[in-house]
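Observations on the model geometry
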Amino acid sequence: MNILDSVAALRAQMTTWRQAGERIAFVPTMGNLHDGHFKLVDIAHQHADRVICSIFVNPMQFGKNEDLDKYPRTLDADIAGLTAHQADALFTPTPAIMYPRGLEVQSYVEVPLLGDLHCGASRAGHFRGVSTVVSKLFNLVQPDVACFGQKDYQQLAIIRQMVTDLSFPIEIIGVPTERAADGLALSSRNGYLSAEQRQQAPALYQILQQVKAAIVAGQHDYRALEQQAKAELTAAGFRPDYFNISHQQTLTLAQNANEPKVILAAAALGNTRLIDNLEV
Ligand SMILES: Nc1ncnc2c1ncn2[C@@H]1O[C@H](COP(=O)(O)OP(=O)(O)OP(=O)(O)O)[C@@H](O)[C@H]1O
Ligand SMILES: CC(C)(CO)[C@@H](O)C(=O)[O-]
Ligand code: BAL
């Protein structure tokens, strides 16, 4: 696997592949890779001749009091994992490469409406940081396809909207959530959990499944189901942020039985904020 730590090296690699007529898939990440990330890499191989990943802990998408400094950085293990999954290249830019003039004066990309809901409401500026860095990475890599996890359901919807609105010639593939045997969605932030919190954590997915079962069984007072779910999360030791039964495309709150739905949830265990979702 070629490790590319400058824009010049990245562009040279991309040019070589493009001149050979090869199709390129891109998997952007923040590193500390787990089987969810490796699933993205495996799926990326099904869509292209070459797979390039990026690892960049993007300061622009972290709030002032969030975990930018303590976010796990495990480059050697990540390289070993990506090599085992036959990734062809890894782009590892620094903040100075991505934001040479500094974050305060950086031009940005913002997706209205979708970006303001759910995680956008709790994490001001988060999705502006995500859509800006993903646009920059798309312009640098210029892939044919890019893979994103459905675990970050709202992020995936925002990227799809951005690609349409800004006419990026890139196909976006959504990859189903990889879970631990007890149902917990794999996430780098799971590493912050204490042993006791790790035991409590699967309750988030269990409650999502219960609410899905209730909706499928015909319950349609969605606001009451949301309130009940938040009470159950609290009883299970979480501090719920949101638990919303939403429309799959607009992500606005679902109102009636025939809309395609997704249940979106975020809740904290101690200082660790977990998200998960389930389509109905
Ligand atoms: N369990 C998972 N299954 C499938 N895709 C995943 C999973 N976890 C993360 N991804 C995807 O991997 C990509 C990179 O995500 P990221 O590096 O933020 O990992 P993460 O584990 O979600 O980290 P964090 O704990 O910070 O949210 C995103 O497209 C994300 O949706
Ligand atoms: C898409 C992404 C790599 C942009 O920094 C990040 O939000 C993530 O890891 O999901
Ligand atoms: N996977 C989402 C990235 C973030 O929480 O910043």
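Given the structure is predicted, the values throughout are model-derived calculations rather than measurements. Throughout, residues of each chain are indexed from 1 in the direction in which the sequence is written. Ligands are numbered from 1 and chains lettered from A, in the order in which they are written. Under the rules for a predicted model, residues below a pLDDT of 70 receive no local features and side-chain atom pairs below 80 are neither given nor counted, while totals for whole chains, interfaces and linings still include all residues. Each side-chain value is derived from all of the structure's non-hydrogen atoms; neither hydrogens nor water enter the calculation.

1. Some thoughts on the sheet that holds strand β3 (residues 50–55)
- A pair of strands counts as paired when DSSP detects no fewer than two bridges linking them. Strands here are runs of E lasting at least two residues and helices are runs of H or I lasting at least four, both read from the DSSP assignment and numbered beginning at the N terminus. Across the sheet, six strands lie side by side as β1-β4-β3-β2-β5-β6; this open sheet has parallel pairing. The strands lining the two open edges of the sheet, one partner per strand, are β1 (2–4) and β6 (171–175). Averaged over all neighbouring strand pairs, the angle between strand axes comes to 25°, with direction disregarded. Only the contacting stretch of a helix is used when fitting its axis, a line to C-alpha atoms as for every element, and angles between N-to-C directions run 0 to 180 degrees.

2. Concerning helix α6 (residues 126–141)
- When the terminal C-alpha atoms of α6 are compared, their 22 Å separation across 16 residues agrees well with the 22 Å that a helix rising 1.5 Å per residue should span.
- In this scheme, a residue with accessible area under 20% of its type's maximum is buried, one over 50% is exposed, and one in between is partly exposed, where area comes from a 1.4 Å probe on protein chains only. Most of α6 is tucked away, with 13 of its 16 residues classed as buried.
- Just downstream of α6, Gln 142 is the residue with a positive phi angle, here 50°. By this rule, a helix spans an expected 1.5 Å times one less than how many residues it contains.

3. A short note on the nonpolar core
- Within the largest apolar cluster, 42 residues are counted, with the highest numbers of intra-cluster contacts made by Leu 10, Ile 52, Val 134, Phe 138, Phe 148, Ile 159 and Ile 172.
- Of all elements in the fold, only α1 (7–19), β2 (24–29), β4 (89–91), α6, β5 (145–149), α7 (153–165) and β8 (261–269) reach the threshold of two or more residues within this core.
- With eight residues, the single largest contributor to this core is α6.
- Looking at this core, you find at least three residues from each of domain 1 (2–175) and domain 2 (188–279).
- Every residue in contact with Ile 52, bar those within four places of it in the chain, is listed here: Leu 4, Leu 10, Met 14, Trp 17, Ile 24, Ala 25, Phe 26, Val 27, Ala 89, Phe 91 and Val 141. Here the nonpolar core consists of buried residues drawn from Ala, Val, Leu, Ile, Met, Phe, Trp, Tyr and Cys, with membership extended through side-chain atoms lying within 4.5 Å. The source of the domain bounds is an automatic or database domain assignment. Any pair of residues with heavy atoms lying within 4.5 Å of one another is described as a contacting pair.

4. Considerations on the site of ligand 3
- Only heavy atoms are used to decide nearness, and a residue is near a molecule or strand if one of them lies within 4 Å of it. All residues in the neighbourhood of ligand 3 are listed as Met 30, Gln 61, Arg 123, His 126, Asp 152 and Arg 189.
- In the model, an oxygen atom of ligand 3 is placed 2.9 Å from a nitrogen or oxygen of the Arg 123 side chain.
- For this analysis, a polar contact is any N or O atom pair within 3.5 Å, provided that within protein one partner can donate a hydrogen and the other can accept it, and provided that sequence-adjacent residues contribute only side-chain to side-chain pairs. Within the contact set of ligand 3, an oxygen atom lies 2.7 Å away from a side-chain nitrogen or oxygen of Arg 189.
- Each accessible area is a Shrake-Rupley estimate made with a 1.4 Å probe; only the visible protein chains count as cover when residues are assessed. Protein coverage of the free-state accessible area of ligand 3, which is 220 Å², stands at 83%.
- Residues were grouped as follows: Ala, Val, Leu, Ile, Met, Phe, Trp, Tyr, Cys and Pro as nonpolar; Asp, Glu, Lys and Arg as charged; and all remaining residues, including Gly, as polar. Looking at the shell around ligand 3, its residues break down into one nonpolar, two polar and three charged.

5. Points about the sheet that holds strand β9 (residues 272–279)
- Overall, antiparallel pairing links the three strands, which are arranged β7-β8-β9 in an open sheet. A single partner strand is all that each edge strand has here, and the edge strands are β7 (239–247) and β9. Looking at each pair of strands side by side, their axes are set apart by 10° on average, direction ignored.
- Strand direction decides the pairing type here: β7 and β8, joined by eight bridges, are antiparallel. Residue Ile 245 lies in a different strand from β8, and its bridge partner there is Ile 263.

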